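Single-letter residue listing:
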Number of protein chains: 2
Amino acid sequence: MTRSAQNSTAPAVVTSDAMVCEVLNGALGGYRMLRQWEASDPIAMLRQDAADVRVLVAFGSVPLRSDLIDALPNLGLVQVMSAGYDGVDPALLIERGIQLANVGEANSGVVADHALALALAARRHIINGDNWVRTGQWDNVGRYPLVSTISEEKAGILGLGHIGRSIARRLAGFGVETAWWGPRPKPDESLPRADSLLALAKASSLLFISCPGAPETEKLVDRNVIEAVGADGLIINVSRGSVVDEDALIDALRNGRLGWAALDVFEKEPAPVARWADVPNVVLSPHHAGVSFGALDEIRKRVRENVDRFHAGEPVLNRII
Amino acid sequence: MTRSAQNSTAPAVVTSDAMVCEVLNGALGGYRMLRQWEASDPIAMLRQDAADVRVLVAFGSVPLRSDLIDALPNLGLVQVMSAGYDGVDPALLIERGIQLANVGEANSGVVADHALALALAARRHIINGDNWVRTGQWDNVGRYPLVSTISEEKAGILGLGHIGRSIARRLAGFGVETAWWGPRPKPDESLPRADSLLALAKASSLLFISCPGAPETEKLVDRNVIEAVGADGLIINVSRGSVVDEDALIDALRNGRLGWAALDVFEKEPAPVARWADVPNVVLSPHHAGVSFGALDEIRKRVRENVDRFHAGEPVLNRII
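Within each chain, residues carry numbers counting from 1 in the order of the written sequence. Starting at A for chains and at 1 for ligands, labels are handed out in the order in which the entities are written. Side-chain atom pairs in this predicted model are given and counted only at pLDDT of 80 or more, local residue features only at pLDDT of at least 70, and totals for whole chains, interfaces and linings cover all residues. Here the side-chain values reflect all heavy atoms present in the structure, with hydrogen atoms and water set aside.

- Going by the annotation in an unreviewed UniProt entry, the name recorded for chain A is Hydroxyacid dehydrogenase, with Tardibacter chloracetimidivorans given as the source organism.
- According to the UniProt record, the Sequence similarities (unreviewed entry) comment for chain A reads "Belongs to the D-isomer specific 2-hydroxyacid dehydrogenase family." UniProt positions are given in the numbering used here, feature names are shortened, and annotations may be inferred rather than shown by experiment.

Below, the structure is given as structure tokens:
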């Protein structure tokens, strides 16, 4: 039997896997952390403590196994460690009367920073430029070819939640004219909302994707949208790979109907090496837009706060369901 | 004799070298462009037309040969194609009564964009992250190690001219607390000015260098300043290599007394491959912060405007001397 050495009368908390527990890094000190993944039969082990468990902590983007939820009859809260919660099946939680909470805007700043890092790296050829110096091409070939830059462009943002707004604030500092689109108008928002995603794509040479991953956003960025961003355009995705028709994106990059793509997220993760090896004009990033030292501290703080609140019978923050 | 086919009664303009002429790309259409570098004896060729030449166009950062100036008795204006004019000897122009003009803030936006691109690429590990995906480490090793991000940092700007202010506006969009230092107070400036460069470096984990290259700024960023930015710090240079004690910078990077450097400019350019090959934690860029399609159009427009103004007897814009 695997059980922490902490006070056995403390409330028990389940984390979905070892990585979640490692990332929490002691943030839930005082709770009994059930490390079911260390047991030969994790579900059987969970069942021993099942009655005590009212909270489960998970990554938002990793599919949450329904057998974990089934094994916990008194589960009342699933707390995810990100803004996104596409790994969680809302229907199952609603059916069981289980609450779902995320960490609100805890990491929207770093995601927006990463989105700008990707956009600027693509436009200013940071990877190829570094290579130009290191391989001696600066000396042997000469000046780096002329490139464009974001402050001369128009941007569109798909999805204006915490992250989209954080991207918009950064773009304003660059003097970039910015519009957005989402399914619902936001009367308090001063940025112009395009008539449709396609209209947004047509008007933009930079398209930032920052909407939730969900069945209703699946392949929302389809061939038509991609080609509307166009041969001089750049698509930046810091949301979920599912939002983009990735085959169409790769095809458009190969055929020059899309200029560039800068991607932190992929249809399949880890991104298969062979799939991307000879795709031109892409900057690839291993799905780490959402984390930084500071953001992770804030995420841990918010998870702790909600776990405490739930056990104290207080309303949790950033409740989704 | 090498002479353009244009109207021989049109005023003659000299460009310092073939590259300047190529970059101008017809912006001075209507003028007689003297292509002295194509002659076997350029100075002799220039002397044939010398009396007609009142304007010389040069890059600001490339040393301007004094024998060109000596060969042109009626030279009245040296027009550079950048904000910097460190390639020009002011004493020589003053002695001869020759005016000097730059292109003002024509390219300050793209330089600031590039500075942010470099800072974000270093902090968000854009080059290593791309490599992590492409080499299959995401699959074989796992998640990318945790990194920091600029919106959690404090920034200092050395030199608050057009470029420094453009960097400051961008940092404000990221919510970065920013201070600056320069030799002269700016009463109209709302950003706080540090008591000294060393005080600025101590208070900052991001130090942006955007002051002019000149004898008085040579190695201003010395070992003390570099070590004050410190083990967690990042120095971004989009000014001139001469402003930094590059040996001290490399030494500090090797010994962990400086965290990172992101450099568009170097003591010697092109940057020698061997010098940088095994220096850790550097993003290298082949001195192209100052150019983009849009910035180059604006530079050409301003060069044309000043050449026209000078020949019409009107005051030139962005006059330095």
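## Quick word on the packing of helix α5 (residues 108–123) of chain A against helix α5 (residues 108–123) of chain B
Line of reasoning, step 1. Note on definitions: angles span 0 to 180 degrees between N-to-C directions of axes, and those axes are lines fitted to C-alpha atoms, for helices only across the stretch in contact. Segments assigned H or I by DSSP are reported as helices when at least four residues long, segments assigned E as strands when at least two residues long, and all are numbered from the N terminus. At a minimum axis separation of 9 Å, α5(A) and α5(B) run at an interaxial angle of 115°. In this structure, the crossing between α5(A) and α5(B) has a hand that is left-handed. When α5(A) is examined against α5(B), the residues D113(A), L116(A), A117(A) and L120(A) are found in contact with a partner set consisting of D113(B), L116(B), A117(B) and L120(B).
Line of reasoning, step 2. In the scheme used here, Gly and all other residues not listed as nonpolar or charged are polar, with Ala, Val, Leu, Ile, Met, Phe, Trp, Tyr, Cys and Pro taken as nonpolar and Asp, Glu, Lys and Arg as charged. Looking at the contact of α5(A) with α5(B) residue by residue, the class counts come to six nonpolar, no polar and two charged. By definition, turning the near helix anticlockwise from the far helix through less than a right angle yields a left-handed crossing, and turning it clockwise yields a right-handed one. Pairs of residues are marked as contacts when any of their non-hydrogen atoms sit within 4.5 Å.

## Some points on the domain arrangement of chain A
Residues and elements named next belong to chain A.
Line of reasoning, step 1. Splitting chain A by domain gives domain 1 (12–106 + 293–311) and domain 2 (108–284).
Line of reasoning, step 2. Computed over C-alpha atoms, the centres of domain 1 and domain 2 are 32 Å apart.
Line of reasoning, step 3. Listed as interface residues are nine residues of domain 1 and, on the opposing side, six residues of domain 2.
Line of reasoning, step 4. Buried surface area refers to the total accessible area, computed with a probe of radius 1.4 Å, that the two partners give up upon joining, counted for both partners together. Summing both sides of the interface, domain 1 and domain 2 together bury roughly 510 Å²; the carbon and sulfur share of this comes to 56%. A domain assignment, automatic or from a database, supplies the domain bounds used here.

## Some thoughts on the pairing of strand β1 (residues 12–15) of chain B
Consecutive side chains of a regular strand alternate in pointing toward one face of the sheet and then the other.
Residues and elements named next belong to chain B.
Line of reasoning, step 1. Under the scheme applied here, a residue whose accessible area is under 20% of the maximum for its type counts as buried, over 50% as exposed, and between as partly exposed, the area being computed with a 1.4 Å probe on protein chains only. Of the two faces of β1, the one carrying A12 and V14 and the one carrying V13 and T15 are both buried.
Line of reasoning, step 2. Pairing between strands requires that DSSP locate at least two bridges from one strand to the other. When β1 meets strand β2 (residues 32–34), the two strands line up parallel, connected through three bridges. Note on β2: the bridge partner recorded for A12 is R32.
Line of reasoning, step 3. Note on handedness: a clockwise path from strand one over the helix to strand two, with the strands aimed away from the viewer, defines a right-handed crossover. With helix α1 (residues 18–24) bridging β1 and the parallel β2, this β-α-β connection has right-handed handedness.
Line of reasoning, step 4. Looking at chain direction, β1 and strand β3 (residues 53–58) are connected through four bridges and run parallel. Paired with A12 across the two strands is V53, which belongs to β3.

## Some details on the UniProt feature "domain: D-isomer specific 2-hydroxyacid dehydrogenase catalytic" (unreviewed entry) in chain A
Line of reasoning, step 1. On the UniProt side, "domain: D-isomer specific 2-hydroxyacid dehydrogenase catalytic" (unreviewed entry) is annotated at positions that read residues 41–320 of chain A here.
Line of reasoning, step 2. Taken as a whole, residues 41–320 of chain A contains 39% helix and 14% strand, while its terminal C-alpha atoms sit 32 Å from one another.

## Details of the sheet that holds strand β7 (residues 177–181) of chain B
Residues and elements named next belong to chain B.
Line of reasoning, step 1. Here we have six strands laid out as an open sheet, ordered β7-β6-β8-β9-β10-β11, and parallel in their pairing. A single partner strand is all that each edge strand has here, and the edge strands are β7 and β11 (282–284). Between one strand and the next, the sheet's axes are offset by a mean angle of 15°, whatever the strand orientation.
Line of reasoning, step 2. Of the strand pairs in this sheet, strand β10 (residues 260–263) and β11 are connected by three bridges, and their pairing is parallel. Each residue of the ladder has a partner; that of L263, found in β11, is L284.
Line of reasoning, step 3. Along the sheet face, helix α11 (residues 246–254) touches β9 (234–237), β10 and β11 and points at about 140° away from the line of β10.

## Observations concerning the pattern of salt bridges
Residues and elements named next belong to chain A.
Line of reasoning, step 1. For this analysis, a salt bridge means a side-chain nitrogen from Lys or Arg found within 4 Å of a carboxyl oxygen belonging to Asp or Glu. This model, assessed by the stated rule, comprises 44 salt bridges over all chains.
Line of reasoning, step 2. D297 is the partner of R300 in a salt bridge, and the nearest nitrogen-oxygen pair spans 3.3 Å. Of this pair, R300 and D297 both sit in helix α13 (residues 293–311), three residues apart, roughly one helical turn.
Line of reasoning, step 3. Residue classification places R300 among the buried positions, given a relative accessible area of 17%.

## Examining unusual backbone geometry
Line of reasoning, step 1. Between E269(A) and the following residue, P270(A), the backbone shows a cis peptide bond with an omega angle of -10°.
Line of reasoning, step 2. Inspection of the secondary structure puts P270(A) in the loop between β10 (260–263) and α12 (273–277).
Line of reasoning, step 3. At N25(A), a position not held by glycine, the phi torsion is positive, near 45°.
Line of reasoning, step 4. Secondary-structure assignment places N25(A) in the loop between α1 (18–24) and β2 (32–34).
Line of reasoning, step 5. Since its relative accessible area comes to 56%, N25(A) is described here as exposed.
Line of reasoning, step 6. A positive phi angle, close to 55°, is found at H125(B), a residue other than glycine.
Line of reasoning, step 7. You can see H125(B) is positioned in the loop between α5 and α6 (126–134).

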